[in-house]
Amino acid sequence: MEDVTNPAGRMGIRNRFLLQPRLDPAETAVRQVEALGYQRTDVRHIIVTHLDLDHAGGLTDFPHAKIHLHSNEYGITQRPLNLREKGRYRPMQWAHEAKFTPYTPDGEKWHGFDCARQLTDLPPEILLLAMGGHSLGHTGVAINRGNDWLIHAGDSYFHRHTMTEAKVPRTVRLFERTTHLNSHLAFETQGHLQKLVMNSEQKMTVFCSHDPVEYERLAGS
Ligand SMILES: [Zn+2]
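Report follows, based on the coordinates.

Scoring rules and cut-offs
Residues numbered from 1 in each chain as written. Predicted model: local features only at pLDDT ≥ 70, side-chain atom pairs only at ≥ 80, totals over all residues. Heavy atoms only, no water. Helix = DSSP H or I, 4+ residues; strand = E, 2+ residues; numbered from the N terminus. Rg over C-alpha atoms; globule rule 2.2 N^0.38 Å. Buried < 20%, exposed > 50% of the residue type's maximum accessible area, 1.4 Å probe, protein only. Contact = heavy atoms within 4.5 Å. Areas by Shrake-Rupley, 256 points an atom, 1.4 Å probe, with all protein chains shown as cover. Donors = N, O, S within 2.8 Å, 3.2 Å for Na, K, Ca; no water. Pairing = 2+ DSSP bridges. Axes fitted to C-alpha atoms, helices over the stretch in contact; angles between N-to-C directions. Phe/Tyr/Trp six-rings, centres within 6.5 Å; stacked < 30°, edge-to-face > 60°. Salt bridge = Lys/Arg side-chain N within 4 Å of Asp/Glu carboxyl O.

Overview of the overall build of the chain
- For the chain, the count of helices and strands is 10 helices and nine strands.
- Whereas a compact globule of 221 residues would reach a radius of gyration of roughly 17 Å, the chain reaches 17 Å, a difference of no more than 12%.
- For the chain, the spread of C-alpha atoms along the principal axes amounts to about 45 × 40 × 35 Å.
- Split into buried and exposed, the 221 residues of the chain put 45% on the buried side.
- Restricting to contacts in the chain with at least 6 residues of sequence separation, those with at least 24 account for 57%.
- As presented, the chain carries roughly 12000 Å² of accessible surface, and 54% of it is formed by carbon and sulfur atoms.

Structure follows, in structure tokens:
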């Protein structure tokens, strides 16, 4: 909500105009949780794929929640930011003494991904997966739904065609190269995800953070 009411202050003037976020209170996580009939204090756990400013703004609205994340991403919150990091992270988004629970990715391998094992106080059906390349500690989240795995790939990719043989628009590829911290590693992660979707014996439903068509497809499923 603070990103919506004070966008330039929270995201930085440059980001506010470059990203053109839709500043509608109804789109915030807290309002959507309330619209489902819950209170914000009912949210006890948040799993963040990473802490880029367009992913971490809502943490402030859930000060009681435990925030599960990769230890490298947590490391960013514990030291001064370098120049490049200052463009993508906004420490004020976690300045409310956020209850971080960091994980090193030293659990068992899971379909080619380094797995950060099960998460503290959460059911074993939820796994944190290291999906390197986009940021220092970027992760995905896999949830076993019984008849399939639902996998949130965060910013590992930006366009649904990345998961198929179809052509990804050039502008998206260009955008990826400027936003991934390590493009080589990020494309390796995309390869792993693609294999997962196409070759796995179990049904794998994968989506990323920024493709609205994928969200529409999954709405209500
Ligand atoms: Zn990002």
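Describing the coordination of the zinc ion
- With distances of 2.1 to 2.2 Å, the protein atoms coordinating the zinc ion are His 50 (NE2), Asp 52 (OD), His 134 (NE2) and Asp 155 (OD).
- For the zinc ion, the donor residues sit on a single chain with the sequence spacing H-x1-D-x81-H-x20-D.
- The exposure class assigned to Asp 52 is buried, which follows from its relative accessible area of 6%.

Let's talk about the sheet that holds strand β1 (residues 45-47)
- Taken together, the three strands give an open sheet; going across it, the order is β1-β2-β3, and neighbouring strands pair in parallel fashion. This sheet does not close on itself; its edge strands, each paired only once, are β1 and β3 (99-103). Shown here is a sheet whose adjacent strand axes are inclined to one another by a mean of 25 degrees, direction ignored.
- Inspection of the sheet shows strand β2 (residues 66-70) paired to β3 by five bridges, in the parallel sense. Residue Lys 66 lies in a different strand from β3, and its bridge partner there is Lys 99.

Some details on the packing of aromatic side chains
- Following the criterion strictly, the structure yields four aromatic pairs and no others.
- Taken together, a centroid distance of 5.8 Å and an interplanar angle of 65 degrees make the contact between Tyr 74 and Phe 100 edge-to-face. Of this pair, Tyr 74 sits in helix α6 (residues 71-76) while Phe 100 sits in strand β3, and the two are 26 residues apart along the sequence.
- For Tyr 74, a relative accessible area of 25% corresponds to the partly exposed category.
- With relative accessibility at 16%, the residue Phe 100 sits in the buried group.

Details of the sheet that holds strand β9 (residues 204-207)
- Read from one edge of the open sheet, six strands run β4-β5-β6-β7-β8-β9, paired in mixed fashion. Looking at the sheet topology across the chains shown, the edges are occupied by β4 (109-110) and β9.
- Bridging between β4 and strand β5 (residues 113-118) involves two bridges; their strand directions are antiparallel. Bridge pairing links Trp 110 to Phe 113 in β5.

Remarks on the pattern of salt bridges
- Per the counting criterion, the structure on display carries 11 salt bridges.
- Measuring nitrogen to oxygen at the nearest pair gives 2.7 Å for the salt bridge that ties Asp 114 to Lys 109.
- The salt bridge partner of Arg 145 is Asp 148, with a shortest N-O separation of 2.9 Å.
- Judged by its relative accessible area of 33%, Arg 145 is partly exposed.
- Connected via shared salt-bridge partners are Glu 2, Asp 3 and Arg 10.

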